[in-house]
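Inside the fold
Listed below, chain by chain, are the residues.
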Protein chains: 2
Amino acid sequence: MARAEKAPLRIGVAGLGTVGAGVVKLLETHGRGLAQRCGRGVVITGVSARDRSRDRGIDLGEAEWFESAVALASSPSIDVFVELIGGESGTAKDTVEAALRAGKHVVTANKALLAHHGVELAALAESSGVALNFEAAVAGGIPVVKVMRESLSGNEISRVYGIVNGTTNYILSRMTHEGRAFGEILADAQAIGYAEVDPTFDIGGFDAAHKLAILSCLAFGTEISLDSIYIEGIETITPADIEAADDLGYCIKLLAVAVKTESGIEQRVHPAMIPKHTAIAQVDGVTNCVALDADFAGGVILVGPGAGANPTASSVVSDLADIARGLVLPPLIVHTGELKPYQRAQMREHEGGYYIRLSVYDRPGAFAAIATRMAEEGISLESIVQRRAEPPASQVKPEGRGTPTPVIIITHRTLEAAIRRALDAIERDGHVDRAPQMIRIEKL
Amino acid sequence: MARAEKAPLRIGVAGLGTVGAGVVKLLETHGRGLAQRCGRGVVITGVSARDRSRDRGIDLGEAEWFESAVALASSPSIDVFVELIGGESGTAKDTVEAALRAGKHVVTANKALLAHHGVELAALAESSGVALNFEAAVAGGIPVVKVMRESLSGNEISRVYGIVNGTTNYILSRMTHEGRAFGEILADAQAIGYAEVDPTFDIGGFDAAHKLAILSCLAFGTEISLDSIYIEGIETITPADIEAADDLGYCIKLLAVAVKTESGIEQRVHPAMIPKHTAIAQVDGVTNCVALDADFAGGVILVGPGAGANPTASSVVSDLADIARGLVLPPLIVHTGELKPYQRAQMREHEGGYYIRLSVYDRPGAFAAIATRMAEEGISLESIVQRRAEPPASQVKPEGRGTPTPVIIITHRTLEAAIRRALDAIERDGHVDRAPQMIRIEKL
């Protein structure tokens, strides 16, 4: 808190895409205020990007241009290396390692890098006594990393969950409000740049899984384990599911959930039905949220923009401000040597039960056969309701099988393996004209 | 990040009520984990409270008992003084001042003290080079102070608003879900300890105003100005208002709002209609939320428990963890010498318009007279609807005046002074049997 002039913090920025340009713009706009708040200036002294000639509409001032990002990472002219290159390996990893080895603090927005190599990079930061900050890597502008790393220091966290992918939430929100099909909305989202040309990484749940792997490590003090995450995307969600959910008092969201159980950690990303009258159900469009169940603080929910140049830049600058203020903490909250090994939870009952939509040939005995398969697996049903017919999957009506009609089943809590076995049996019995839809109902 | 054993941080706790006991319990439960995260232990070495003999169900270990809280505040045996006495002056203020003067860091949960004396206490902390942390003073377990002080360092904030009083939110939530009257629910809330015997401080909006005064200072870098806050409580809200709001797509919440306008800062606490399909509308019961409009981060909302021993203890310990980690920041984000004087905003149009409920004598010309009064003040109406009758305020039906019938008026954006003049005129005209109800519709 001494008010004497401190030397400015010197930043090297590698990667001048949307986020990089956002960081430059933010420092241009709020540089003075930031210096006032941190007690020292934050100045970009070096930059590196693929194409020097591209007009990015930003003023790089007196920053030195580096053809090599690795050279920038270990340059004596910087104190902090900001990695905005992206990718789980290659240049991003090389530069971050070079910077940490050279004793530079590192700020990164790279979730893939952290989900794959977070522990080894954190160990490197610790051995060099520098910061490795990554607020921007999870949920964009939402300050969840800092809240977990600092604000909840006096808590044990039992669950972390949320909506951490903007593309899927945007698509599901529009499907909900417009009643249109997944494919149509996806095409729209691609046209306006809310979904990639190859949307698999987002809609398949993989982006959310990367973020969950990081959140899970911060929440439970366990090693990062991306491969242990059960992942399901939103591709199979239909307007019929959304409508049925609405009737039942739920909405459908792609949820990322990590829970601490007696047998280990359960991590999953999948579409889930959540009660309409919750704050999270109202998180629409590209907005994200992260909820934490903490033993003393209680249930804390953070909502905000999950992506975009400005929110992400705000998080990068928050990380820089911490370093400017001299705050250097173990990147993963506890020292890497004290992280517990990741122990995958054993199969357990899903508390909220299941929603199952079957397209059943409307003929005598079908209901009974389905109910019997459920009973054989010890699954207790809350309701089984026939709804009005959808167009059949095939235009040719199968001989003597009746018209396929949607049947919605809600189960009580049960083992997921039991549900899967029952659905396999129902499919084998030939009562349904397509694969069953199964969506977990989430207790929040 | 050095892993060498550092001396533990020595804490003196004054006040062993609910929150004080919660802090002791938290440190008992999570002391080891906290030490691991902070790189040093956090140990209670001194305590002081009114009654030494009372059984609080907590283990005070080897902490020294101080008969005088002021003596504890400046004792050489502590590094941090935790003030949990409460009250805007008296012992709370004396001890905090004594501690700061003696070069002790201070952690407090005392919103009244800060709302009244925050700037002078912050200046004292600055001149002693110590921390004055108060995460627990605003919105209990929600880490909003730290988010504003650190995470949003690279942002200009244009608005901060939220639900920051649990008692009123609990009462309004139950009125909404149960359709019962204010007085009944208040009595229930008092019976279960959710409302004080004298509930004025909460239901009148004064508690929310204290918190808003602090949030406003943090958001805009202006001096704390509790007296400038426009305050209205929830006493006049009726089930009819809640029902009409619901029909219109809104719910009614006691909102605390501070906005930066061209002419200065607008601070207000009052019941507001907010759209049902927002995350904030779903913040029910004793839960609180704070929303921040930040220019780079975007709209960030924090939701969590607004009070209670454990959430408040979590915030106190978060403040202690910061100090244990060596983080000492200007308490009010910028140095007190750099705070701007508080400039009250000029009267301006309320963007969301107004809801007005009149109890009108049902006779020819009443509607026309009311609409004319509105027109005279230049108020543009969105709708004017007569609803089914309520019981009249008086059992005696006034001669020749017709039965009083509720009329709901929704206005477009307009000046509040114009609304007040129009309502005064309508009341003077004798068309209504009781004072008009006016609720601001809030654009979120």
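Residues numbered from 1 in each chain as written. Chains lettered and ligands numbered in written order. Predicted model: local features only at pLDDT ≥ 70, side-chain atom pairs only at ≥ 80, totals over all residues.

Topic: helix α6 (residues 166–178) of chain B
All names here are of chain B. Filter applied, for reference: Strands are runs of DSSP state E lasting at least two residues, helices are runs of H or I lasting at least four, and both sets are numbered from the N terminus onward. Helix span is expected to be 1.5 Å times the residue number reduced by one. Exposure classification rests on a simple neighbour count of other C-beta atoms within 10 Å of a residue's own: a residue reaching 20 or more is buried, one at 12 or fewer is exposed, and one in between is partly exposed. C-beta atoms are placed from the backbone.
Between its first and last C-alpha atoms α6 spans 18 Å; for 13 residues at 1.5 Å apiece the expected length is 18 Å, and the two agree. Most of α6 sits out of view: 10 of its 13 residues are buried. Listing the buried residues of α6 in full gives Gly166, Thr167, Thr168, Asn169, Tyr170, Ile171, Leu172, Arg174, Met175 and Thr176. Where α6 ends, the next residue or the one after it, Gly179, has phi of about 65 degrees, a positive value.

Points about the sheet that holds strand β5 (residues 105–108) of chain B
Residues and elements named next belong to chain B. Rule in force here: At least two DSSP bridges between two strands are needed for those strands to be called paired. C-beta atoms are first placed from the backbone for all residues, and any pair lying within 7 Å is then listed as a contact. The axes are straight lines fitted to the C-alpha atoms, using for helices just the contacting stretch, and the angles between their N-to-C directions are given from 0 to 180°.
In spatial order, the strands read β3-β2-β1-β4-β5-β6; together these six strands make up an open sheet with parallel pairing. Sheet topology places β3 (64–65) and β6 (132–133) at the edges, where each strand pairs with a single neighbour. By the bridge criterion, two bridges tie β5 to β6 in an arrangement that is parallel. Among the inter-strand pairings, Val107 is bridged to a residue of β6, identified as Asn133. Helix-sheet contacts for helix α3 (residues 91–101) involve β1 (9–14), β4 (80–83), β5 and β6, and the interaxial angle to β4 is about 170 degrees.

Thoughts on the interface of chain B and chain A
Using the following cut-off: Nonpolar residues are Ala, Val, Leu, Ile, Met, Phe, Trp, Tyr, Cys and Pro. Charged residues are Asp, Glu, Lys and Arg, and all others, Gly as well, are polar.
Counting residues at the interface gives 54 residues for chain B, matched by 54 residues for chain A. Residues that form the side of chain B that touches chain A fall into these classes: 27 nonpolar, 18 polar and nine charged. Bridge count between strand β12 (residues 298–305) of chain A and strand β12 (residues 298–305) of chain B: three bridges; the pairing is antiparallel. Bridge pairing in β12 of chain B links Leu302 of chain A to Leu302 of chain B.

A look at the packing of helix α3 (residues 90–101) of chain A against helix α4 (residues 111–128) of chain A
Residues and elements named next belong to chain A. Put simply, the rule reads: In this scheme, roughly parallel covers angles under 35 degrees and roughly antiparallel covers those over 145, while 65 to 115 is roughly perpendicular and the rest are oblique. By convention, the crossing between two helices is left-handed when the near helix turns anticlockwise from the far helix through less than a right angle, and right-handed when the turn is clockwise.
Where α3 contacts α4, the axes come no closer than 9 Å and their chain directions differ by 15 degrees. In terms of their interaxial angle, α3 and α4 are classed as roughly parallel. Viewed along their axes, α3 and α4 form a crossing whose handedness is right-handed. Between α3 and α4, the contacting residues are Ala92, Lys93, Val96, Glu97, Leu100 and Arg101 on the first element and Leu113, His117, Leu121, Leu124, Ala125 and Ser128 on the second. Looking at the contact of α3 with α4 residue by residue, the class counts come to seven nonpolar, two polar and three charged.

Observations concerning the domain arrangement of chain A
All names here are of chain A. Using the following cut-off: What counts as a domain boundary in this text is fixed by an automatic or database domain assignment.
As assigned here, chain A comprises domain 1 (9–137), domain 2 (144–305) and domain 3 (349–441). In this complex, domain 1 contributes 10 residues to the contact, which on the side of domain 2 involves 10 residues. Per-class residue counts for the side of domain 1 that touches domain 2 are six nonpolar, two polar and two charged.

A closer look at unusual backbone geometry
Residue and element names in this part refer to chain B. Unlike most non-glycine residues, Ala139 shows phi in positive territory, near 60 degrees. As for its position among the elements, Ala139 is in the loop between β6 and α5 (144–151). Judged by the 33 C-beta atoms lying within 10 Å of it, Ala139 falls in the buried class. For Ile333, which is not glycine, the phi dihedral falls at a positive 80 degrees.

Here's the deal with helix α9 (residues 206–220) of chain B
All names here are of chain B. Here α9 spans 21 Å end to end across 15 residues, near enough to the 21 Å set by a 1.5 Å rise per residue. Among the 15 residues in α9, 14 count as buried, and that is most of the element. The first or second residue beyond α9 is Gly221, which carries a positive phi of 65 degrees.

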